[in-house]
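Here are the chains, one letter per residue:
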Amino acid sequence: MAEEELNKYRLTSMEEPSDEMLAYIMREAAEDARKSNEAALKKYFGEIAEMKKKTQKING
């Protein structure tokens, strides 16, 4: 499927997406969600590590 065709499609369109187009859209959404989740986890655990360091410094 041509990228130009995919870029023209809008989910608000009155026409149904083809199975191929829908699969592509879902793969892209899943990849975006995976990246977002990975970044959030990295930030979360980074903040926990910082809190641990600060706590150890205070309780030294």
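This section reports on the structure supplied with the text. (Residues numbered from 1 in each chain as written. Predicted model: local features only at pLDDT ≥ 70, side-chain atom pairs only at ≥ 80, totals over all residues. Heavy atoms only, no water.)

1. What to know about the overall build of the protein chain
Turning to step 1, where the next piece is worked out: When helices and strands are counted, the protein chain shows two helices and zero strands.
Turning to step 2, where the next piece is worked out: By the compact-globule yardstick of 10 Å for 60 residues, the protein chain is too spread out, its C-alpha radius of gyration being 21 Å.
Turning to step 3, where the next piece is worked out: Expressed as a percentage of the 60 residues in the protein chain, the buried residues total 7%.
Turning to step 4, where the next piece is worked out: A total of about 5,700 Å² of accessible surface is found on the protein chain, and carbon and sulfur atoms cover 55% of it.
Turning to step 5, where the next piece is worked out: Here the protein chain contributes 11 positively and 13 negatively charged side chains, and the mean placements of these two sets differ by 17 Å. (Helix = DSSP H or I, 4+ residues; strand = E, 2+ residues; numbered from the N terminus. Rg over C-alpha atoms; globule rule 2.2 N^0.38 Å. Buried < 20%, exposed > 50% of the residue type's maximum accessible area, 1.4 Å probe, protein only. Areas by Shrake-Rupley, 256 points an atom, 1.4 Å probe, with all protein chains shown as cover. Lys, Arg positive; Asp, Glu negative; His and termini not counted. Charge placed at Lys NZ, Arg CZ, Asp CG, Glu CD.)

2. Quick word on the packing of aromatic side chains
Turning to step 1, where the next piece is worked out: Here the structure, examined in full by the defined rule, presents one aromatic pair.
Turning to step 2, where the next piece is worked out: Taken together, a centroid distance of 5.0 Å and an interplanar angle of 75° make the contact between Tyr-44 and Phe-45 edge-to-face. (Phe/Tyr/Trp six-rings, centres within 6.5 Å; stacked < 30°, edge-to-face > 60°.)

3. Quick word on a nonpolar patch on the surface
Turning to step 1, where the next piece is worked out: Together, Leu-41, Tyr-44, Phe-45, Ile-48 and Met-51 give the surface a local cluster of nonpolar side chains, amounting to about 500 Å² of exposed area.
Turning to step 2, where the next piece is worked out: Position of Phe-45 among the secondary structure elements: in helix 2 (residues 19-59). (Patch = residues over 30% accessible without salt bridge, like charges linked within 9 Å, V, L, I, M, F, W, Y side chains within 5 Å. Salt bridge = Lys/Arg side-chain N within 4 Å of Asp/Glu carboxyl O.)

4. Some thoughts on the pattern of salt bridges
Turning to step 1, where the next piece is worked out: Enumeration over the complete set of coordinates arrives at four salt bridges.
Turning to step 2, where the next piece is worked out: The shortest N-O distance in the salt bridge between Glu-31 and Arg-34 comes to 2.7 Å. Here the residue Glu-31 and the residue Arg-34 both occupy positions in helix 2, the gap between them amounting to three residues, near one helical turn.
Turning to step 3, where the next piece is worked out: Taking the relative accessible area as the measure of exposure, Glu-31 reaches 31% and is therefore partly exposed.
Turning to step 4, where the next piece is worked out: Judged by relative accessible area, Arg-34 falls into the partly exposed class, the value being 41%.
Turning to step 5, where the next piece is worked out: Between Glu-31 and Lys-35 there is a salt bridge, with its nearest N and O atoms 4.0 Å apart. Taken together, the positions of Glu-31 and Lys-35, both in helix 2 and four residues apart, correspond to about one turn of that helix.
Turning to step 6, where the next piece is worked out: For Lys-35, a relative accessible area of 48% corresponds to the partly exposed category.
Turning to step 7, where the next piece is worked out: A single network of salt bridges, built from pairs that share partners, joins Glu-31, Arg-34, Lys-35 and Glu-38.

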